[in-house]
Amino acid sequence: MSTLSPTAKKAVAEELNILLASSYVLMLKTHGYHWNVKGPHFHALHQLFQEQYEDLFEAIDEFAERIKALGHKAPATFSEYKGLSVITEDDSEEKDMGMVKNLLKDHQKMGDTLRKMTAHVQGEGDEATADMMIARTQVHDKFAWMLESHLTG
Ligand SMILES: [Fe+2]
């Protein structure tokens with residue numbers, strides 16, 4: 001396998017920027033839900049949200065370091081993240097099951113975004129980034145299942 005061209009590296013880094021920003025916004029949203037969740041499922045959801053934001057915290061570092069390995073600058077401002085993210089913020093007074101539904105949709109969106117990106121970066125010849133994306137797809141699919149399992153009806 002040949003070295004990636006500068007054009008391929010740039011194309012892959014641009015996809016990783018979106019994943020970095022989206023994971024950051026989702027981490028913040030999940031952390032907020034961890035703090036503000038109320039109701040009979042408080043303990044289980046407080047814990048579940050913590051496991052998820054901790055995972056996202058590690059993922060954003062992996063994405064940023066992969067961007068650096070490809071020779072590009074890793075975005076690190078909220079204004080850039082807001083522009084790049086496929087996940088939207090939530091400043092509403094959401095109820096516990098509303099939080100679960102929102103995060104379920106977000107993890108499904110992350111999974112779908114990752115599946116499309118994986119095919120693209122494979123087309124660019126970057127199997128290392130594709131591997132990372134496949135691993136992240138599995139995590140988002142697992143989190144979606146865990147969230148869905150908390151829904152009662
Ligand atoms: Fe906490």
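This text goes with the structure placed above it.
Here the structure is a predicted model, which is why all the values come from computation and not from measurement.

Caption draft 1: Just the environment of D106, in detail. Structurally, D106 can be placed in helix α4 (residues 96-123). Distance from D106 to I60, taken between C-alpha atoms, is 16 Å for residues 46 residues apart in sequence. Excluding anything up to four places from it in sequence, D106 contacts L26 and I87.

Caption draft 2: Geometry of the nonpolar core. Formed by 25 residues in total, the largest nonpolar core has its most connected members in L16, L20, Y24, I60, F63 and I67. Secondary structure elements with two or more residues in this core: α1 (6-36), α2 (42-69), α4 and α5 (127-148). Of all the elements, α1 adds the most residues to this core, at 10 residues. The residues contacting Y24, other than those within four sequence positions of it, are I60 and Y81. Residues Y33, L45, L48 and M99 belong to the second largest nonpolar core, which totals 10 residues.

Caption draft 3: Geometry of the packing of α4 against α5. In the contact formed by α4 and α5, the axes pass within 8 Å of each other and the chain directions differ by 160 degrees. Viewed along their axes, α4 and α5 adopt a mutual orientation that is roughly antiparallel. Seen from above, α4 lies across α5 with left-handed handedness. The class makeup of the residues in the contact of α4 with α5 is 13 nonpolar, 8 polar and 5 charged.

Caption draft 4: Region of interest: the environment of R136. Along the chain, the position of R136 falls in helix α5. Here R136 falls in the buried class, since 23 other C-beta atoms lie within 10 Å of it. Sequence spacing of R136 and K68 is 68 residues, and the spatial spacing of their C-alpha atoms is 18 Å. What R136 contacts, discounting residues up to four positions off in sequence, is A59 and L114.

Caption draft 5: Layout of the environment of P6. Note that P6 resides in helix α1. On the basis of neighbour counts, which here come to 10 C-beta atoms within 10 Å, the residue P6 falls in the exposed class. Spatially, the C-alpha atoms of P6 and M133 are 20 Å apart, while their sequence positions differ by 127 residues.

Caption draft 6: Broad picture of the packing of α1 against α4. Contact geometry of α1 with α4 gives a least axis separation of 11 Å together with a crossing angle of 170 degrees. For the element pair α1 / α4, the angle class is roughly antiparallel. Note on packing geometry: the crossing formed by α1 with α4 is left-handed. Residues V12, E15, S22, L26, T30 and Y33 of α1 touch α4, and the partners they reach there are M99, L103, D106, M110, M117, H120 and V121. A class-by-class count of the residues in the contact of α1 with α4 yields 8 nonpolar, 3 polar and 2 charged.

Rules used throughout
Residues numbered from 1 in each chain as written. Predicted model: local features only at pLDDT ≥ 70, side-chain atom pairs only at ≥ 80, totals over all residues. Helix = DSSP H or I, 4+ residues; strand = E, 2+ residues; numbered from the N terminus. Contact = placed C-beta atoms within 7 Å. Core = buried A, V, L, I, M, F, W, Y, C linked by C-beta atoms within 7 Å. Buried ≥ 20, exposed ≤ 12 C-beta atoms within 10 Å, placed from the backbone. Axes fitted to C-alpha atoms, helices over the stretch in contact; angles between N-to-C directions. Parallel < 35°, antiparallel > 145°, perpendicular 65-115°, else oblique. Left-handed = near helix turned anticlockwise from the far one by under 90°. Nonpolar A, V, L, I, M, F, W, Y, C, P; charged D, E, K, R; others polar.

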